[in-house]
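# Inside the fold
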Amino acid sequence: MRCLITGGAGFIGSHLAEELLRAGHAVTVIDDLSTGNLANIAHLESEARFRFVLDTVLNRRLMAELVEWADVIFHLAAAVGVKLVVEEPIRAMETNVRATEVVLEMAAARGKKVLFASTSEVYGKTSKVPFREDDDLVLGATWRPRWGYACSKALGEFLALAYWRTYGVPVVIVRLFNTVGPRQTNRYGMVIPTFVRQALRGEPITVHGDGRQTRSFCWVGDVVRALAALAEHPEAVGQVFNVGSDEEVRIVDVAWRIKALTGSPSEVVFVPYDRIYGEDFEDMPRRVPDLTKIRTLIGYRPMVRLEEILKRVIAHHRRLMESELRDRREERRPQLFSTR
Ligand code: UDP
């Protein structure tokens, strides 16, 4: 297959590129590096079946060419992370909606398949867990910026399904739950890399609210394997799937687990939500997927348990922080020779 990944220099996109290359497919990544990073795909540059294009999905002329080349488009390009969405709501909503329109329009004109990466955010603040794909969405008021992200992704789902019904564009929608692994940065506030780096530095581990909110974290390798399999399965077309892990955990327990596994002297502290995200913030109390649908279709089961995920992420950040420290030392070392 020829696979186009929008947002392929991001955390999940770069792992997906690896997975597809490993399976023998050709991969083109388009990314504007707004939140993606060249370092995420540097190791793929030497692969003959890999190509990277630095540009935005909103460049219609270029996208027409890339979509023409591809058999399937994995549309992952989006403004992600609650922190980014709260801080830059216009960019987040506009990027998400416009980019999705371009991808669907181009795919419709050329009869190509689209896998649209949506999010578990669309379930909103419902307390009916686990979340099933056909559940109602329970979103908060429009003056709470957080829900703008969920709405922009929900609109993407509506659009994708409308293109399927109206023009027969084969679309597959995946709702990604919290995904974790190497290359996920703490820059956009994601909880596990944030806690791990705080613990490794001996800084306070900052639990938001009372920490009783829950999430279920999935290893990125499990997620991208599911995406690749769904893109190839004919019966996935026109359907929505939860992708993630159903091992539910309280955020405060994640903090304590990370403290124990790192042997860190860090204190676990509780920070009110409004200090981080402003007055109008509302969190999701629980978030757990029902995985029956994806399990039934492709036999999907997450393979890596939370304990192992945490160990791997800790090992990754230890290595990363050591090399960051080395780089800083190099910079500080006095220059012995003039570079003139
Ligand atoms: N969180 C936290 N401390 C942090 C970062 C996040 O307690 O330093 C909490 C956050 O408020 C949320 C959960 O961890 O309840 C997961 O946050 P994340 O941004 O990783 O993903 P979300 O599930 O909210 O999209």
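Look above for the structure.
Residues numbered from 1 in each chain as written. Predicted model: local features only at pLDDT ≥ 70, side-chain atom pairs only at ≥ 80, totals over all residues. Heavy atoms only, no water.

### Overview of the environment of Ile298
Assignment of secondary structure puts Ile298 in helix 10 (residues 292-298). By relative accessible area, which is 24% here, Ile298 ends up partly exposed. For Ile298, the residues in contact, after removing those within four places along its chain, are Ala226, Ala229, Leu230 and His233. (Helix = DSSP H or I, 4+ residues; strand = E, 2+ residues; numbered from the N terminus. Buried < 20%, exposed > 50% of the residue type's maximum accessible area, 1.4 Å probe, protein only. Contact = heavy atoms within 4.5 Å.)

### Overview of the sheet that holds strand 5 (residues 113-119)
What the seven strands build is an open sheet, ordered 3-2-1-4-5-6-11; its pairing is parallel. With partners counted over all chains shown, the strands left at the sheet margins are strand 3 (50-54) and strand 11 (239-243), one partner each. Sheet twist, expressed as the average angle between the axes of neighbouring strands with direction ignored, equals 20°. Inspection of the sheet shows strand 6 (residues 171-176) paired to strand 11 by five bridges, in the parallel sense. Bridging across to strand 11, Arg175 finds its partner in Asn242. (Pairing = 2+ DSSP bridges. Axes fitted to C-alpha atoms, helices over the stretch in contact; angles between N-to-C directions.)

### Observations concerning the side chain of Asp290
Of note, Asp290 is situated in the loop between helix 9 (273-277) and helix 10. Despite its burial, Asp290 pairs with no opposite charge; the closest candidate is Arg132, at 4.4 Å N-O. At a separation of 2.5 Å, a polar atom in the side chain of Asp290 contacts the side chain of Thr292. (Lys, Arg positive; Asp, Glu negative; His and termini not counted. Salt bridge = Lys/Arg side-chain N within 4 Å of Asp/Glu carboxyl O. Polar contact = N/O pair within 3.5 Å; in protein donor to acceptor, adjacent residues only side chain to side chain.)

### A look at the pairing of strand 4 (residues 72-75)
Alternating positions in strand 4 separate into two faces, Val72 and Phe74 on one and Ile73 and His75 on the other, with burial throughout. In the sheet, strand 1 (residues 2-6) pairs with strand 4 via four bridges, with the strands oriented parallel. Pairing of Cys3 across the sheet is with Val72, part of strand 4.

Purely geometric stuff here, so don't read any function into it on its own.
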